[in-house]
Amino acid sequence: KDKKRISKESFRRSLRIFQYVLPYRGKFLLGLLFLFLSSVTFMTFPGLLGRLIGGNEASDSPIDRFFNVDNIDQVALLLLVAFLLQAVFSFMRIFLFADVTERAIAQLRIDTYGHLVKLPMTFFNRERVGELNSRISNDISMLQDTFMTTLAELLRQVIVILGGVSLLFFYSVELTLVMLISVPVMMMAAFFFGKFIRSLSKTTQAELARSQVVVEETLTAIQSVKAFANELLEIRRYNNVVEEVRKVAMRGAKWRGAFASFVIFGLFGAVVLVIWYGVKLRNEGVIGLDELTSFILYSVFVGGSIGGVADIFGRVQKAIGATESLFDIMEEDAEQISNDANAPSLDLKGSIDFEQVTYAYPSRKDKVVLDRLELHVKAGEKIAFVGPSGAGKTTIAALILRYYKATSGTIKFDGKPALDYNISALRNEMALVPQDVILFGGSIRENIEYGRPGAPFEEVRIAAEKANALEFIESFPEGFDTLVGERGVQLSGGQRQRIAIARAILKDPRILILDEATSSLDAESERLVQEALERLMEGRTSLVIAHRLSTIRKVDRIMVLDHGSIKEQGTHDELIALENGIYRNLTELQLLDLN
Ligand code: ADP
């Protein structure tokens, strides 16, 4: 994942993530306390360990005075106590942080998802599903890591560095100064050097990938390569990229070599310098073996933490990037969804009017898809839309469903502007039978019930019966409980359509929007689906994006759409009779995708 540059603004924005921790601030603070305690106990190890190694002759060391001990048995015992405390503190710290984090992250997941599904269609047209998926899973996991471990580590390392350096001064000011001007400088240098080398190896990988592309291109187009006798050309092309890979790899290798030399000379050199100086001080009797050992151990702790901080900084950077992309979603305007089951129904009669409706998709503002469209559908009327692909049929359906808002003009339901209705209430009056029916993983019953969640089984059954689906459902051993979708039975296209019809029948909408499937079914399925559709359309305002002549013949009016406006309307017979009519031409030339 790419790290984003931390600007003051993005950092400030990311801090908002802490609002999710706020409800658990008590536990969080307690966790911090345990973190502090465990870090402090951790810092006693080098002192105690050094004193233990110093042996019995090293009495009157700082440890002896501080803890009031005078032999190594007592020191060993103290160490054990320290371990024990450390064990308890660590457990509590991890447990508390995990508890807070898991709750906060769960809420964050729920909020993000809850917001996501309420976003308007324009958002989903713009974003890729895979990417959204990754934001919900990867970005949030990244934040989880940050809260649970990175934050704790950062705090611990700050404590270790500050505490460690103070203690080092306590053991020997002289030695500490020697250490501080050599080791951390080298460690930081090593860190940035290492980073540079990693970026070089990335370049090598990228070059390698480029060479793979050449191979792939050549092999997929091998027929053309041979037909044009260009084998030698391809070989030369490949030679060139392979040579480039070698050069880049060698540049990386030189720096890696330099890095190894640097580590051996610089870093180990610095360490040897400190040890040499320490032993010299010891020989002069300035410090004891126990103090020297403790000093070295503290130096290792401090050095490790300094190295770690740089790494943590990188992780915090990533977490800020992740937070930002999550908040990008959170800040998108959602639709005013209110799925209140008890809300009174609108009791629409079902008339629809498009008055001078113009629409252009936000992604392509210059292309007018619907051009001052006038469309008046009476309550209960059945309308078929036909026209070449790209004419705007689907867009009309989408506007009725209020997936999008008209760019200009007004859409009215029962004579009242669509925007004056609550969006959920309005959609509750409609049902959509899409072209490609995608069933949810679950039972057939659940899939039909999706039309009206909580509907009694008897009604689900009746809906299935009216949709001509009962027979095939009951032919499965598990009937309505048969699982469909990825882990269940595969239903045929005709069966899926009938499930979708049953779903719509169960919903019992005033307005029906039907996008007929273009794929042809066998004659028997065709008849069953057609019959079910007729039952479904009965007594409702029905708008059909039609692909079948049999449907077209049944409707009250056919609208012939071209380039975003209605060019002709009437019944099949009326339209066929029009000399030079678009409909007539389209049918004669079989340009209408009817089957
Ligand atoms: P039809 O259903 O009659 O085939 P559509 O309503 O799907 O026509 O499309 C009408 C026009 O709108 C086409 O030119 C299509 O390219 C464009 N269009 C459809 N959906 C989108 C979208 N999500 N973003 C941008 N343009 C779109």
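Residues numbered from 1 in each chain as written. Predicted model: local features only at pLDDT ≥ 70, side-chain atom pairs only at ≥ 80, totals over all residues. Heavy atoms only, no water.

1. Quick notes on the overall build of the protein chain
Line of reasoning, step 1. Helix and strand counts for the protein chain stand at 21 helices and 12 strands.
Line of reasoning, step 2. Relative to a compact globule of 595 residues, whose C-alpha radius of gyration would be 25 Å, the protein chain shows 36 Å and is clearly more extended.
Line of reasoning, step 3. Expressed as lengths along the three principal axes of its C-alpha atoms, the size of the protein chain is roughly 115 × 70 × 50 Å.
Line of reasoning, step 4. In the protein chain, which comprises 595 residues, the proportion classed as buried is 44%.
Line of reasoning, step 5. By element, 59% of the accessible surface of the protein chain is carried by carbon and sulfur atoms, the whole surface being about 31900 Å². (Helix = DSSP H or I, 4+ residues; strand = E, 2+ residues; numbered from the N terminus. Rg over C-alpha atoms; globule rule 2.2 N^0.38 Å. Buried < 20%, exposed > 50% of the residue type's maximum accessible area, 1.4 Å probe, protein only. Areas by Shrake-Rupley, 256 points an atom, 1.4 Å probe, with all protein chains shown as cover.)

2. Overview of the sheet that holds strand β1 (residues 352-359)
Line of reasoning, step 1. With respect to topology, four strands assemble into an open sheet ordered β2-β1-β4-β5, the strand pairing being antiparallel. The open sheet has two edge strands with one neighbour each: β2 (370-377) and β5 (416-417).
Line of reasoning, step 2. As defined by bridge partners, β1 adjoins strand β4 (residues 408-413) across five bridges and the pair is classed as antiparallel. Residue pairing in the sheet places F354 in a bridge with I411 of β4. (Pairing = 2+ DSSP bridges.)

3. Describing the environment of F192
Line of reasoning, step 1. Residue placement: F192 occurs in helix α8 (residues 173-220).
Line of reasoning, step 2. F192 gets classed as partly exposed once you look at its relative accessible area, which sits at 48%.
Line of reasoning, step 3. For F192 and F67, which are 125 residues apart along the polypeptide, the C-alpha to C-alpha distance reads 41 Å.

4. Section: the site of the ligand
Line of reasoning, step 1. Residues in close proximity to the ligand total 13 residues, the closest being G390, G392, K393, T394 and T395.
Line of reasoning, step 2. Between an oxygen atom of the ligand and a side-chain N or O atom of T394, the distance comes to 2.3 Å.
Line of reasoning, step 3. In the complex, 72% of the free accessible area of the ligand, which totals 560 Å², lies under the protein chains.
Line of reasoning, step 4. No other element matches helix α12 (residues 393-400), which puts three residues into the shell around the ligand.
Line of reasoning, step 5. Taken together, the residues of the shell around the ligand break down into four nonpolar, seven polar and two charged. (Near = heavy atom within 4 Å. Polar contact = N/O pair within 3.5 Å; in protein donor to acceptor, adjacent residues only side chain to side chain. Nonpolar A, V, L, I, M, F, W, Y, C, P; charged D, E, K, R; others polar.)

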